[in-house]
Amino acid sequence: MKKQSPWIEIPQVESFEHLRSAVNGYTYSRVILTALDLDIFTVIGIKSWTVRTLARALDASQRGTDILCRNLASLGLLLLEDGRYSNSPLSAAELNKKSPDYRGAYLALLQRHWDEWSQLTHIVKSGKPIEDDKLVTEDEDRRAFTWAMHHRSRDKAPQIAKSIDLRNATTLLDVGGGPGTYTLEILAKWPKLHATLGDRPAALQVARAVARKHPAGDRLTYLPLDFMYEDIPDTYDAIFLSNVIHIYGPDENIKLLKKIKAALNPGGKIIIQDFFLWDKKGLSPIETNLFAITMLLYTEAGNTYSAEEVKTWMTKAGFRKVTSVPTAEEPLLEATLPAKKP
Ligand SMILES: C[S@@+](CC[C@H](N)C(=O)[O-])C[C@H]1O[C@@H](n2cnc3c(N)ncnc32)[C@H](O)[C@@H]1O
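Everything numeric in this text was worked out from a predicted model, so none of it was measured.

S.K.: Would you mind going over the overall build of the protein in detail, with residue names and values included?
M.R.: On a plain count of helices and strands, the protein comes out with 15 helices and 11 strands. Here the C-alpha atoms of the protein give a radius of gyration of 22 Å, agreeing with the 20 Å that 2.2 N^0.38 yields for 342 residues. Reported as C-alpha extents along the three principal axes, the dimensions of the protein are approximately 75 × 50 × 45 Å. By the burial criterion, 30% of the 342 residues in the protein qualify as buried.

Written out as C-alpha cells, the structure reads:
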C-alpha cells in the first residue's frame, strides 16, 4: 500500500484554481497558529465548552472564537458535539501544555516561522539569512532549538533506529546529535553499543536532560565541539550524521565528510539522514525543496541536496559503495570502510 503523505496535498499548479489553492495554503497555517497563540487547546483541556464560556476564558470576542473554533473543528483539531467544543485526541495530547506529550518547543519554532517566512522576498533578493535577534545565536535560543528538535523527532526516532544495523559496532559518534533523540533509540536497540554525542555545549545540556529520562541514557557520553573548526578527537566504529548537511554548503560538507572518514575505525560505517531530493532534476519531494527555503532564511550556505550529490561528496571524501537504506520514513545513506587486512 502506498504510504499516505503527512502533508496537505497541493496539486501541480496547472490552472488558476490550483494556484489559488496553493497560495491559500497559508490560511490553514494561520488558523492553527492563532489557536496556538491563544493557547486554546490548553484552555479547553479535558472539558467541553460553549463558544460563550470559551470566549470569556480566552479573553477573546465571541464572534472570533465562534469562527475560529468552527475552522479548528473542520480541520479535526477540535470536536463539536451538541454545541460544545472539546479537544481532539491529537490536540489533547500534543497541543495542550498540561499534557506530558506536549510538543511545546517545536510548536514555538513553527509559530516563529510565520514572521520569518514573511521576510522571504527580501531574503531571496539579498541571499543572506535573516538578521534577527530571535535567531539561534545565544545559548538560550540554542537550548530552545534543541528541545524543538527533540519534540519534533521523539516518535520518529524509534522508527529510524529500527533500520540502522550496528551489529559490528561497539562505539558510535553522533555528529551534531542535538538532543540525542535518535542516538538514544539506537542505543536502546543495540545493548552493547556506547555512544558519544558531539555538539555545542548548549545543545549537550538539553541532551543530558533527555538522556536522564531514557533507559539507555547511561551509555551516552558528551563531546562538546565545533566540528567545522575542530577535528574529531577520537575514532569510532560508526558515525551518525543526522540533519546536519542541510545546514552547510557543498565544500563545508565535503570537508566534514573527510573528517568523519578520518575518525572511523577500519570496517567503520557512516550513516547519513537528511531531507534528500530523489529525482534527477531535484524537484521532488516538494517538502524537501520547501525545507531549502528554511535554510535560505536561517543559514549562510545551507540547502537541500539530491541523494546523488551527497553520494558524490562521500566518494570525494573516500567512501566507496554508498547505499540507500530503506526506513519507515525516507531512506538513509550508508557506507562502510574496508576492514583491516589480517
Ligand atoms: C538540525 S539539528 C539536528 C539534530 C539531530 N542530529 C537530529 O537529527 O535531530 C543540527 C545540530 O547540529 C549542530 N551543529 C551544527 N553545526 C555545528 C558545528 N559546527 N559544531 C557542532 N555542532 C553543530 C547543532 O547545534 C544542532 O544540534
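Next, the rest of the story.
S.K.: Residue-level account of the nonpolar core, with values.
M.R.: Counting 56 residues, the largest nonpolar core has Leu172, Ile186, Ile239, Leu241, Ile260 and Ile270 as its most contacted members. Sequence-distant contacts of leucine 241, that is, excluding residues within four places in its chain, are made with Val175, Gly176, Ile260, Ile270 and Ile272. Phe41, Trp49, Leu54 and Cys69 belong to the second largest nonpolar core, which has 13 residues in total.

S.K.: If you had to explain the sheet that holds strand β3 (residues 171–175) to someone new, which residues and values would you point to?
M.R.: The seven strands are arranged β5-β4-β3-β6-β7-β11-β10 in an open sheet whose pairing can be described as mixed. Strand pairing shows two members of the sheet lacking a second neighbour, β5 (220–224) and β10 (323–325), which therefore form its edges. Shown here is a sheet whose adjacent strand axes are inclined to one another by a mean of 25°, direction ignored. In this structure, β3 lies alongside strand β4 (residues 194–199), joined through five bridges in parallel fashion. Following the sheet pairing, leucine 173 is matched in β4 by threonine 196. Helix α13 (residues 250–262) contacts β3, β6 (236–242) and β7 (264–273) of the sheet and is inclined by roughly 145° relative to β7.

S.K.: Lay out unusual backbone geometry in plain terms, naming residues and giving numbers.
M.R.: Cis geometry marks the peptide bond from serine 284 to proline 285, where omega comes out at 0°. Examined against the element boundaries, proline 285 turns out to sit in the loop between β8 (276–277) and α14 (286–298). If you check the backbone angles, aspartate 39 has positive phi at about 60° while not being a glycine. As for its placement among the helices and strands, aspartate 39 is situated in the loop between α2 (25–38) and α3 (40–44). Despite not being glycine, asparagine 243 has its phi angle at roughly 60°, a positive value. Relative to the elements of secondary structure, asparagine 243 occurs in the loop between β6 and α13.

S.K.: Tell me about the site of the ligand, and please be specific about residues and values.
M.R.: In the vicinity of the ligand, 19 residues are found, and the nearest of them are Gly176, Gly178, Met228, Ser242 and Asn243. Mapped onto the shell around the ligand, the elements with two or more residues apiece are α9 (139–153) and α11 (181–189). At three residues, α9 tops the list of elements feeding residues into the shell around the ligand. Looking at the shell around the ligand, its residues break down into eight nonpolar, eight polar and three charged.

S.K.: Which residues make up the domain arrangement of the protein, and what values go with them?
M.R.: Taken domain by domain, the protein holds domain 1 (16–94) and domain 2 (144–336). Using C-alpha coordinates to define each centre, domain 1 is positioned 37 Å away from domain 2.

S.K.: Talk me through the pairing of strand β1 (residues 78–81); I want residue IDs and the actual numbers.
M.R.: Pairing of β1 with strand β2 (residues 84–87) involves four bridges; the strand directions are antiparallel. Of the residues in β2, the one forming a bridge with leucine 80 is tyrosine 85. Turn length for the β1-β2 hairpin, with the two strands adjacent in sequence and antiparallel, is two residues, and the turn residue aspartate 82 shows positive phi of about 50°.

S.K.: Could you give an account of the packing of α2 against helix α5 (residues 62–75), naming the residues involved and the relevant values?
M.R.: In the contact formed by α2 and α5, the axes pass within 10 Å of each other and the chain directions differ by 115°. The way α2 lies across α5 gives a crossing that is left-handed. Judged by residue contacts, Val31, Thr34 and Ala35 of α2 engage Leu68, Asn71 and Leu72 from α5. Across the contact of α2 with α5, the residue classes break down as four nonpolar, two polar and no charged.

S.K.: Give me the packing of α2 against helix α7 (residues 104–117): which residues, what numbers.
M.R.: Between α2 and α7, the shortest axis-to-axis distance is 10 Å and the interhelical angle comes to 125°. Judged on the interaxial angle alone, α7 and α2 are oblique. Our pair here, α2 against α7, has a crossing hand that is left-handed. In contact with Ser29, Leu33, Leu36 and Asp37 of α2, α7 contributes Leu107, Gln111 and Trp114. Of the residues belonging to the contact of α2 with α7, the class tally is four nonpolar, two polar and one charged.

S.K.: Can you tell me about the environment of glycine 198, naming the residues and giving the values?
M.R.: You can see glycine 198 is positioned in strand β4. Along the primary structure glycine 198 and glycine 177 are separated by 21 residues, whereas in three dimensions their C-alpha atoms are 6.1 Å apart. Setting aside its immediate chain neighbours within four residues, glycine 198 contacts Leu173, Asp174, Val175, Gly176, Gly177, Leu223, Leu225 and Phe227.

S.K.: Run through the environment of threonine 323, naming residues and quoting values.
M.R.: When you line up the elements, threonine 323 lands in strand β10. Taking the C-alpha atoms as reference, threonine 323 lies 28 Å from alanine 216; in sequence the two are 107 residues apart.

Parameters at a glance
- Residues numbered from 1 in each chain as written.
- Predicted model: local features only at pLDDT ≥ 70, side-chain atom pairs only at ≥ 80, totals over all residues.
- Helix = DSSP H or I, 4+ residues; strand = E, 2+ residues; numbered from the N terminus.
- Rg over C-alpha atoms; globule rule 2.2 N^0.38 Å.
- Buried ≥ 20, exposed ≤ 12 C-beta atoms within 10 Å, placed from the backbone.
- Core = buried A, V, L, I, M, F, W, Y, C linked by C-beta atoms within 7 Å.
- Contact = placed C-beta atoms within 7 Å.
- Pairing = 2+ DSSP bridges.
- Axes fitted to C-alpha atoms, helices over the stretch in contact; angles between N-to-C directions.
- Near = placed C-beta within 6 Å.
- Nonpolar A, V, L, I, M, F, W, Y, C, P; charged D, E, K, R; others polar.
- Domains from an automatic or database assignment.
- Left-handed = near helix turned anticlockwise from the far one by under 90°.
- Parallel < 35°, antiparallel > 145°, perpendicular 65-115°, else oblique.

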